[in-house]
Amino acid sequence: MFQNIKVDIIYHKTNTDFEMEFNLCGCCRMRLLTDKSPDAKSMVHSLARAVSRSRVIILTGSLFSDDGIIKLAAEAIGSKLVPVNLSKYGVQGNESVEIIEGSTPLITPEGYFGGCIIEKGPQTMILLSDSKSVRKAIMQTLIHPYIEELCAMELQEKAALEASSLITEEITEETDEMIEEVESDIIADVIVQEPEGITDELSEEFTPITEEDEENLEEYDEGVIEVPSDMIIEMDENEEEPEIEEVIGDYFTEGNKMKAHEAERYNAEYTKYDYDDNGLIPEEPTLKKSSLNIPITILAILVLIVIAVLCYCLIYVPSKNGVEASAYIKEIINIFKV
C-alpha cells in the first residue's frame, strides 16, 4: 500500500485559501493539515509541530515585513538571511532581497518574486507570498510539479526495495537448491565396498574342532592340562579353600526387632521422598497460593484498562486532531464548570 505524502500549510496573518488546498490535493495522494497563526509566537509553535509530523511544510504570509515569514522562519530553523540578486533568476532590474541561506527563490513566469524553498534532510519548507495571484502562479508552475516528483521518487524507492527483497529471496532459494543437488550428487558417488580377503584369512586361521581336540578338552575338565614340553600339572581335588574369618568391627551392632507402630511411622517418613535411577530426589517445597491473588489481579487489570482509556481520550485523540493535551483537558474542565 502506497503511503500518502504528509503536508502542512500554515497561514500567518492571512486568510485561508481553499482553492490552493484543493488543487494541491489533486497532485498526488497526500495527508493535508492546515493551521493559522495570529502572531510570531504561535507561528513558531505551529511550525515546530508541522516539522515534527510532515514531509512538506508550506508557510504563507507577508514576506518582507518586520513580522515577515522569511525572517521568522530563518530564526526558527537557526539559519541566517543572505541577499540575492533576482536579476540572475530572470527578474528585471537590480533589485536585491534577503532570503534564507541555502534556499532557492521562487519566481513567477511574469518575473515576480513570490517566496523561496529550502530543503533540509528529508523535509522541505516552502515560503509563499500572501498575494493570491502570485501564490497561485507559483503553485501551478513550480510547487505542483515538485510535489509530484517527490511522490514519484518515494514510489521508485519503495519499488526498488521490494525488487531487491524479491531478488535476495530468489538468490537464497537458488543457492539452497544448488546445495541440495551437490549433496545428492556427492552421496550418489560414494559407494561402500566390502574389504576383500578378510573372509579367506579367517577361514584359514580358524579350523573346525576335531575329535582329538574334544578329547583334550575332556582331559582338561578332569584336571590335567597338557603342555607342549610334556610337563603334566595335576590339580589336587582334596585341597580345601581357606576359610574367611569374620571380623567384627567396633561399629557393629546387633539388629533389633521393630514394633508395629514404629514400622508405620518409618513407612510414612519414606513416602515423602521420590526415587529415581540416580538415588534420592528431595521433595520440592510447594508454594501456597493466596486466595487474594485473583481479586488483586482483576483489580490491576481494571486499573490498566481505565488508564489506557484515559490516555487514548486525553492524549491520542487531541494530538490526532492537532490540539495539545493540556488545552484539551482545560476545555473539558471549563465545560464541567459551566
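Residues numbered from 1 in each chain as written. Predicted model: local features only at pLDDT ≥ 70, side-chain atom pairs only at ≥ 80, totals over all residues. Heavy atoms only, no water.

Draft legend 1. The arrangement of the pattern of salt bridges in detail. Tallying each qualifying case throughout the model produces 6 salt bridges. For the salt bridge of R135 with D17, the shortest nitrogen-to-oxygen distance reads 3.1 Å. Taken together, the residues R135 in helix 4 (residues 132-189) and D17 in the loop between strand 1 (5-12) and helix 1 (18-25) connect sequence positions 118 residues apart. For E19, the salt bridge goes to K136, with nearest N and O atoms at 3.1 Å. Of this pair, E19 sits in helix 1 while K136 sits in helix 4; the two residues are 117 residues apart in sequence, bridging distant segments of the chain. On the basis of relative accessible area, K136 is assigned to the partly exposed category, the value being 38%. Each member of the salt-bridge network shares a partner with another, and the members are D8, R31 and R53. (Salt bridge = Lys/Arg side-chain N within 4 Å of Asp/Glu carboxyl O. Helix = DSSP H or I, 4+ residues; strand = E, 2+ residues; numbered from the N terminus. Buried < 20%, exposed > 50% of the residue type's maximum accessible area, 1.4 Å probe, protein only.)

Draft legend 2. Quick look at the nonpolar core. Within the largest apolar cluster, 24 residues are counted, with the highest numbers of intra-cluster contacts made by L59, I100, F113 and L127. Mapped onto this core, the elements with two or more residues apiece are helix 2 (40-53), strand 3 (56-60), helix 3 (69-77), strand 5 (96-100), strand 7 (113-120) and strand 8 (123-128). Broken down by element, the residue count for this core peaks at 5 residues, all from helix 3. Among residues more than four places away in sequence, those in contact with L59 are I10, M43, I69, A73, I126, L127 and L128. Membership of the second largest hydrophobic core comes to 23 residues, among which are I9, C27, I117 and V134. (Core = buried A, V, L, I, M, F, W, Y, C linked by side-chain atoms within 4.5 Å. Contact = heavy atoms within 4.5 Å.)

Draft legend 3. Fine view of the sheet that holds strand 2 (residues 30-37). Strands sit in the order 2-1-3-8-7-6 across an open sheet of 6 strands; the sheet is mixed. Every other strand in the sheet has two partners, leaving strand 2 and strand 6 (104-107) as the edge strands with one partner each. Geometrically, the sheet is characterised by an average inter-axis angle of 20° between neighbouring strands, direction not taken into account. Across 5 bridges, the pairing between strand 3 and strand 8 is parallel. Looking across to strand 8, one finds that I58 is bridged to I126. In the packing of helix 2 onto the sheet, the strands contacted are strand 1, strand 2, strand 3 and strand 8, and the crossing angle to strand 1 comes to about 175°. (Pairing = 2+ DSSP bridges. Axes fitted to C-alpha atoms, helices over the stretch in contact; angles between N-to-C directions.)

Draft legend 4. The arrangement of the confidence of the model for the chain in detail. Across the chain, pLDDT averages 75, with 62% of residues at or above 70. Of the regions scoring below 50 in pLDDT, residues 191-195 engages in 0 contacts with residues more than four places distant in sequence or in other chains. (pLDDT = per-residue confidence, 0-100.)

Draft legend 5. The arrangement of a nonpolar patch on the surface in detail. A surface patch of nonpolar side chains, amounting to about 570 Å² of accessible area, comprises I294, I298, I301, L302, I305 and V309. Here I301 is to be found in helix 8 (residues 293-320). For I301, a relative accessible area of 45% puts it in the partly exposed group. (Patch = residues over 30% accessible without salt bridge, like charges linked within 9 Å, V, L, I, M, F, W, Y side chains within 5 Å. Areas by Shrake-Rupley, 256 points an atom, 1.4 Å probe, with all protein chains shown as cover.)

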